[in-house]
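An overview of the molecular structure
Chain by chain, the residues:
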Protein chains: 2
Amino acid sequence: MPLPHEILFKTLADPTRRAIFERLCREGDQTVGALTAHAGISQPAVSKHLGVLKRAGLVKDRHEGRLTHYRAELGALDPLVGWAKEMTGFWQNRFDDLEDLLKRMDQ
Amino acid sequence: MPLPHEILFKTLADPTRRAIFERLCREGDQTVGALTAHAGISQPAVSKHLGVLKRAGLVKDRHEGRLTHYRAELGALDPLVGWAKEMTGFWQNRFDDLEDLLKRMDQ
DNA sequence: TAAACCCATAGCCAGCGAGTTATTGAATTG
DNA sequence: CAATTCAATAACTCGCTGGCTATGGGTTTA
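Residues numbered from 1 in each chain as written. Chains lettered and ligands numbered in written order. Predicted model: local features only at pLDDT ≥ 70, side-chain atom pairs only at ≥ 80, totals over all residues. Heavy atoms only, no water.

Per the secondary structure count, chain A includes five helices and three strands. Split into buried and exposed, the 107 residues of chain A put 36% on the buried side. Taking as baseline every contact in chain A between residues at least 6 positions apart, the subset at least 24 positions apart corresponds to 54%. Surface summary for chain A: the accessible area is close to 6300 Å², and the carbon and sulfur share equals 54%. (Helix = DSSP H or I, 4+ residues; strand = E, 2+ residues; numbered from the N terminus. Buried < 20%, exposed > 50% of the residue type's maximum accessible area, 1.4 Å probe, protein only. Contact = heavy atoms within 4.5 Å. Areas by Shrake-Rupley, 256 points an atom, 1.4 Å probe, with all protein chains shown as cover.)

What follows is the structure in structure tokens.
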């Protein structure tokens, strides 16, 4: 199975999809209809995006009669931040190594 | 012009490109040849990826004779983390609003 | 129960982008 | 200066994906 941040990058790369996710973050629960009204694309397109977001763990759905509500799942962003911190960490380590080297050269 | 995180998501969505960036983070400076040796794709493909990473501000290049060295530019990741924090912030605000509402209902 | 409504799925199409090979320019080497 | 090497660009192919329309399944309303 792919690493967590893999699917997140792919999923959030699309502007429309990211806009839907942002709206869910700002406004909380939204029905597919409400999301469609603001997305500027057709309802099936919105549903497809929601499916992708759901499989990435970024949203969860809740069925209520004939309506389907979606909400953002914020913890899902953690692997993204974690990956960024990891990259920064590598840089920091290389910097530490250089410091050690200079320290040894100094002796 | 696009928001900073826009181009970052698009650029880092590709696994090959992200692998190149990760390698630059772990190993520091690398020539195009060295990167190509580990990428599993042709040199022109690597050069194209490096071009995309460069336009996103994620890497910088340095010319030294006929070699070109690339290095990661870690500060470029900040808008990504910033965006994630912003999303979390929206959620927090909505939670605060709910708290206020409950508090008012309590009185 | 017929009609209207909400959402998901199916099927199709067009554009984008990641890969290729071929080539060029520039720098080093013999 | 000829040959070689490094990297970028050009030109092309092809698969993926985001959009659409059409339809179906489930739910509420008249």
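Don't stop here, the text continues.
On to the packing of helix H2 (residues 15-27) of chain A against helix H1 (residues 4-12) of chain B. It is at 11 Å that the axes of H2 of chain A and H1 of chain B come closest, and there the two elements cross at 120°. Here H1 of chain B runs oblique to H2 of chain A, going by the angle between their axes. For the pair H2 of chain A and H1 of chain B, the crossing hand works out as right-handed. Listed contacts from H1 of chain B to Pro15, Arg18 and Glu22 of chain A of H2 of chain A are His5, Glu6, Phe9 and Lys10 of chain B. (Axes fitted to C-alpha atoms, helices over the stretch in contact; angles between N-to-C directions. Parallel < 35°, antiparallel > 145°, perpendicular 65-115°, else oblique. Left-handed = near helix turned anticlockwise from the far one by under 90°.)

This part is about the interface of chain A and chain B. In this complex, chain A contributes 27 residues to the contact, which on the side of chain B involves 27 residues. Buried surface at the junction of chain A and chain B, both sides included, amounts to about 2500 Å², of which 70% is carbon and sulfur. Connecting chain A to chain B are two salt bridges. Here glutamate 6 of chain B ties to arginine 18 of chain A by a salt bridge, and the two come within 2.5 Å at their closest N and O atoms. For the pair chain A and chain B, the interface holds four residue pairs in polar contact (both at pLDDT 80 or more). (Buried area = accessible area lost by both parts, 1.4 Å probe. Salt bridge = Lys/Arg side-chain N within 4 Å of Asp/Glu carboxyl O. Polar contact = N/O pair within 3.5 Å; in protein donor to acceptor, adjacent residues only side chain to side chain.)

The immediate surroundings of DNA strand D are formed by 21 residues, with Lys48 and His49 of chain A together with Gly33, Gln43 and Ser47 of chain B found nearest. Sugar and phosphate atoms form 61% of the subset of DNA strand D atoms that lie within 4 Å of the protein. Contact between DNA strand D and threonine 16 of chain A: a phosphate oxygen at 3.1 Å from a side-chain N or O atom of the residue. Within the side chain of glutamine 43 of chain B, an N or O atom sits 2.7 Å from a base nitrogen of DNA strand D. Listing elements by their share of the surface near DNA strand D, those giving two or more residues are H2 and helix H4 (43-55) of chain A together with helix H3 (32-39), helix H4 (43-55) and strand S3 (67-72) of chain B. In terms of residue count, H4 of chain A provides more of the surface near DNA strand D than any other element does, four residues in total. Split by residue class, the surface near DNA strand D holds seven nonpolar, nine polar and five charged. (Near = heavy atom within 4 Å. Nonpolar A, V, L, I, M, F, W, Y, C, P; charged D, E, K, R; others polar.)

By the element assignment, valine 81 of chain B lies in helix H5 (residues 78-106). The exposure class assigned to valine 81 of chain B is buried, which follows from its relative accessible area of 16%. Through-space distance from the C-alpha of valine 81 of chain B to that of histidine 5 of chain B is 8.9 Å; in sequence the pair is 76 residues apart. Ignoring sequence-local partners within four residues, the contact set of valine 81 of chain B consists of Val81 and Ala84 of chain A.

Here we take up the packing of helix H2 (residues 15-27) of chain B against H4 of chain B. Residue and element names in this part refer to chain B. The geometry of H2 relative to H4 is characterised by a closest axis approach of 10 Å and an angle of 75° between their N-to-C directions. Relative to H4, the element H2 is oriented roughly perpendicular. Of the residues in H4, those in contact with Thr16, Arg17, Ile20 and Phe21 of H2 are Val46, His49, Leu50, Val52 and Leu53.

Of all hydrophobic cores here, the largest spans 52 residues; its most connected members are Phe21, Leu58 and Leu77 of chain A together with Phe21, Leu58 and Leu77 of chain B. Not counting residues up to four positions away in its chain, the partners in contact with leucine 77 of chain A are Leu12, Phe21 and Leu58 of chain A together with Trp83, Ala84 and Met87 of chain B. (Core = buried A, V, L, I, M, F, W, Y, C linked by side-chain atoms within 4.5 Å.)

None of the figures reported here should be taken as evidence of function without further support.
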